[in-house]
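Here are the chains, one letter per residue:
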Amino acid sequence: QVQLVESGGGLVQAGGSLRLSCAASARTFRTHAMGWFRQAPGKEREFVAAVSRSGGNTYYADPVKGRFTVSKVNDKNTVYLQMNNLKPEDTAVYYCAASTRLVFGTESEHEYDYWGQGTQVTVSS
């Protein structure tokens, strides 16, 4: 069983930055590929970013490329999502997810085994 706890969400003006953290309980964290997803009101959950087990490979959805950076620090059992130049359309609940099977992350949410409870990000215009 893996527990994931997100933090770092909040209210920010457009153009601002936030850094989300996702702390994992598992001692096997370094064997998990990790992903970030988000869900805006009235919309389906969508992929944001993913990182490989080692942290050396990253993958981003087109709307966040060049603005968001995902990183994985295995020694701290934590994955981060640095979000810069935020836009109102980035407003959503952000979730981290862990895959115990994949080496590299994926945009398919069905490949992830564990999910955090989410953290709200609100970007005002």
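A quick note: this is a predicted structure, and the numbers were derived from the prediction, not measured.

1. Details of the packing of aromatic side chains
- Following the criterion strictly, the structure yields five aromatic pairs and no others.
- On the numbers, 5.4 Å between centres and 80° between planes, the contact of Phe-37 with Tyr-112 is edge-to-face. Within this pair, whereas Phe-37 is found in strand β4 (residues 33-39), its partner Tyr-112 is found in the loop between β9 (92-99) and β10 (114-115), the two being separated by 75 residues in sequence. Summarising the burial analysis for this pair, Phe-37 and Tyr-112 share the class buried.
- Judged by centre distance (6.2 Å) and plane angle (65°), the rings of Tyr-112 and Trp-115 are edge-to-face.
- Owing to a relative accessible area of 5%, Tyr-112 belongs among the buried residues under this scheme.
- What links up through ring pairs into an aromatic cluster is the set Phe-37, Phe-47, Tyr-59, Tyr-112 and Trp-115.
- One Lys or Arg, Arg-45, reaches over the ring of Tyr-95 and ends 5.5 Å from the middle of that ring.

2. Things to note about unusual backbone geometry
- A positive phi angle is found at Asn-77, which is not glycine, with a value near 55°.
- Counting through the fold element by element, Asn-77 comes out in the loop between β7 (68-73) and β8 (78-83).
- One non-glycine residue, Asn-85, lies in positive phi territory at about 50°.
- The topology assignment puts Asn-85 in the loop between β8 and β9.

3. Looking at the environment of Asn-77
- Residue classification places Asn-77 among the buried residues on the basis of a relative accessible area of 18%.
- Considered as a pair, Asn-77 and Arg-30 are 47 residues apart in the sequence and their alpha carbons are 7.5 Å apart.
- Not counting residues up to four positions away in its chain, the partners in contact with Asn-77 are Cys-22, Ala-23, Ala-24, Ser-25, Ala-26, Arg-27 and Phe-29.

4. Things to note about the state of the cysteines
- Per the counting criterion, the structure on display carries one disulfide.
- A sulfur-sulfur distance of 2.0 Å marks the disulfide that ties Cys-22 to Cys-96. Looking along the S-S bond of the Cys-22-Cys-96 disulfide, the torsion reads about 50°, which is the right-handed sense. Of this pair, Cys-22 sits in strand β3 (residues 18-24) while Cys-96 is found in strand β9, placing the two residues 74 residues apart along the sequence.

5. Here's the deal with the sheet that holds β3
- Strand order across the open sheet formed by four strands is β1-β3-β8-β7, with antiparallel pairing between neighbours. Each of the sheet's edge strands pairs with one partner strand only, and the pair in question is β1 (4-7) and β7. Each neighbouring strand pair of the sheet contributes to a mean axis angle of 15°, computed without reference to strand direction.
- For β7 and β8, the ladder comprises six bridges, and the chain directions are antiparallel. Note on β8: the bridge partner recorded for Val-73 is Thr-78.

The rules we used
- Each chain has its residues counted from 1, following the order in which its sequence is written.
- For a predicted model such as this one, the threshold for reporting local features is a pLDDT of at least 70, and the threshold for listing and counting side-chain atom pairs is 80 or more; totals across whole chains, interfaces and linings nevertheless cover every residue.
- Derived side-chain values reflect all non-hydrogen atoms in the structure, with water molecules and hydrogen atoms excluded from consideration.
- Stacked, tilted and edge-to-face are the three classes applied to pairs of Phe, Tyr and Trp rings, where Trp contributes its six-membered ring and a pair requires centres within 6.5 Å; stacked means planes under 30 degrees apart, edge-to-face means over 60, and tilted covers the rest.
- The numbering of helices and of strands both runs from the N terminus, where a helix is a DSSP run of H or I of at least 4 residues and a strand a run of E of at least 2.
- For the exposure calls, accessible area comes from a 1.4 Å probe over protein chains only, and a residue counts as buried if that area is under 20% of its type's maximum, exposed if over 50%, partly exposed in between.
- Here, a charge over a ring is recorded when the distance from Lys NZ or Arg CZ to the ring centre is within 6 Å and its angle to the ring normal is within 35 degrees.
- The contact definition used throughout considers only heavy atoms, calling two residues in contact when any of these lie within 4.5 Å.
- A pair of sulfur atoms, both from cysteines and within 2.5 Å, is called a disulfide here.
- Pairing between strands is defined by DSSP: at least two bridges between the two strands are required.
- Note on definitions: angles span 0 to 180 degrees between N-to-C directions of axes, and those axes are lines fitted to C-alpha atoms, for helices only across the stretch in contact.

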